[in-house]
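One letter stands for each residue in the lines below.
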Amino acid sequence: PAGVTVSSPANNSTVTSPVKYIATAGSGSCTAGVSAMGIYVNNNLAYSVQGGSLNTNLTLNPGTYYTVVQEWDNCGGSTATPTIITIPGGSTQNGVVVTSPANNSIVISPVSYTATAGTTTCPKGVAAMGIYVNSSLAYAVNGATLNTQVSVAPGTQNTVVTEWDNCGGALSTPVVITVQSPTPPTVSFVAAPLSITAGGPSTL
């Protein structure tokens, strides 16, 4: 039979990435058979293979895609089967969750910052995260996780952990901390020996 039969993924289905594509093709009236098959994603060829069967995985970002599985026969003909798929966003978290330091806590410098970020509105996910101390960017990192130490001056400081997504959006969580001044060192002296004769030495 002529045409392309796509057994995976189903049309108008919601799937996870990587997407499993399984398909077979027939050339119909072309006795020379099927030459090759390919997968188009939003009109761009993402994968091709020789022969009349296809079994592969495609890694795609969250979003809705118009995909087409196409066959080309050895007589110059071609047929295709469209398949629309949706890949849900990779995060159920929307915003920044700061696990350290706690808001309104008393800390010492350097301050340990641990946080994660997520977005349910941007299918492309989180691009980067950063820490502001009194409106000045003190640290930045690519990705949706943050684990670092930041030197902060003594006193009450207004800090903010921010995430920037790949769609131009940003979300922040403020964290007010009070940084204690470092405790000055203490020095104690012990004489050795404890009893010192007149004119004799002793080490402190």
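K.L.:
Report on the state of the cysteines, specifying residues and quantitative values.
P.N.:
Enumeration over the complete set of coordinates arrives at 2 disulfides. Here Cys122 is linked by a disulfide to Cys167, with a sulfur-sulfur distance of 2.1 Å. Residues Cys122 and Cys167 are joined by a disulfide whose S-S torsion is about 80°; by sign, that bridge is right-handed. In this pair, Cys122 sits in the loop between strand S11 (111-118) and strand S12 (126-133) while Cys167 sits in the loop between strand S15 (155-165) and strand S16 (170-179), placing the two residues 45 residues apart along the sequence. With its bonded cysteines labelled in order along the sequence, the protein chain shows the pairing 1-2, 3-4.

K.L.:
Give a description of a nonpolar patch on the surface that names residues and reports values.
P.N.:
There is a patch of nonpolar side chains on the surface, built from Val187, Phe189 and Leu204 and spanning about 410 Å² of accessible area. One can find Leu204 in the segment after S16.

K.L.:
Describe the pairing of strand S14 (residues 145-150), with residues and values.
P.N.:
Here S14 shows a clear split, with Leu146, Thr148 and Val150 buried on one side and none of Thr145, Asn147 and Gln149 buried on the other. As judged from the 6 bridges shared by S11 and S14, these two strands associate in the antiparallel manner. Note that in S14 the partner of Thr114 across the bridge is Asn147.

K.L.:
An account of unusual backbone geometry is needed here, citing residue identities and associated values.
P.N.:
The omega angle of the peptide bond from Ser8 to Pro9 is 0°, so this bond is cis rather than trans. In this fold, Pro9 is placed in the loop between strand S1 (3-8) and strand S2 (13-14). One non-glycine residue with positive phi stands out, namely Asn104, at about 60°. Relative to the elements of secondary structure, Asn104 occurs in the loop between strand S9 (95-100) and strand S10 (105-107). Since its relative accessible area comes to 60%, Asn104 is described here as exposed.

K.L.:
Kindly report on the packing of aromatic side chains, identifying the contributing residues and their values.
P.N.:
Scanning the entire structure with this criterion turns up 2 aromatic pairs. An angle of 65° between the planes, with centres 6.4 Å apart, marks the rings of Tyr132 and Trp164 as edge-to-face. Of the two residues, Tyr132 sits in strand S12 while Trp164 sits in strand S15, which places them 32 residues apart along the sequence. Accessibility expressed as a relative area gives 26% for Trp164, which makes it partly exposed.

K.L.:
Outline the sheet that holds S9, supporting the account with residue identities and numerical values.
P.N.:
Across the sheet, 3 strands lie side by side as S9-S11-S14; this open sheet has antiparallel pairing. Looking at strand neighbours, the two that pair on one side only are S9 and S14, the edges of this open sheet. Going from strand to strand, the sheet's axes swing by 25° on average, the running direction of each strand aside. As paired strands, S9 and S11 are joined by 5 bridges and run antiparallel to one another. Paired with Ser100 across the strands is Thr114, a residue of S11.

K.L.:
Requested: an account of the environment of Thr159, with residues and values cited.
P.N.:
Locating Thr159 in the fold gives a position in strand S15. Taking relative accessible area as the criterion, Thr159 reaches 1% and is therefore assigned buried. A distance of 3.0 Å separates a polar atom in the side chain of Thr159 from a polar atom in the side chain of Tyr113. Of note is the side chain of Thr159, whose polar atom sits 2.5 Å from the backbone oxygen of Val175.

Conventions we followed
- Residues numbered from 1 in each chain as written.
- Predicted model: local features only at pLDDT ≥ 70, side-chain atom pairs only at ≥ 80, totals over all residues.
- Heavy atoms only, no water.
- Disulfide = S-S within 2.5 Å.
- Helix = DSSP H or I, 4+ residues; strand = E, 2+ residues; numbered from the N terminus.
- Patch = residues over 30% accessible without salt bridge, like charges linked within 9 Å, V, L, I, M, F, W, Y side chains within 5 Å.
- Areas by Shrake-Rupley, 256 points an atom, 1.4 Å probe, with all protein chains shown as cover.
- Salt bridge = Lys/Arg side-chain N within 4 Å of Asp/Glu carboxyl O.
- Buried < 20%, exposed > 50% of the residue type's maximum accessible area, 1.4 Å probe, protein only.
- Pairing = 2+ DSSP bridges.
- Phe/Tyr/Trp six-rings, centres within 6.5 Å; stacked < 30°, edge-to-face > 60°.
- Axes fitted to C-alpha atoms, helices over the stretch in contact; angles between N-to-C directions.
- Polar contact = N/O pair within 3.5 Å; in protein donor to acceptor, adjacent residues only side chain to side chain.

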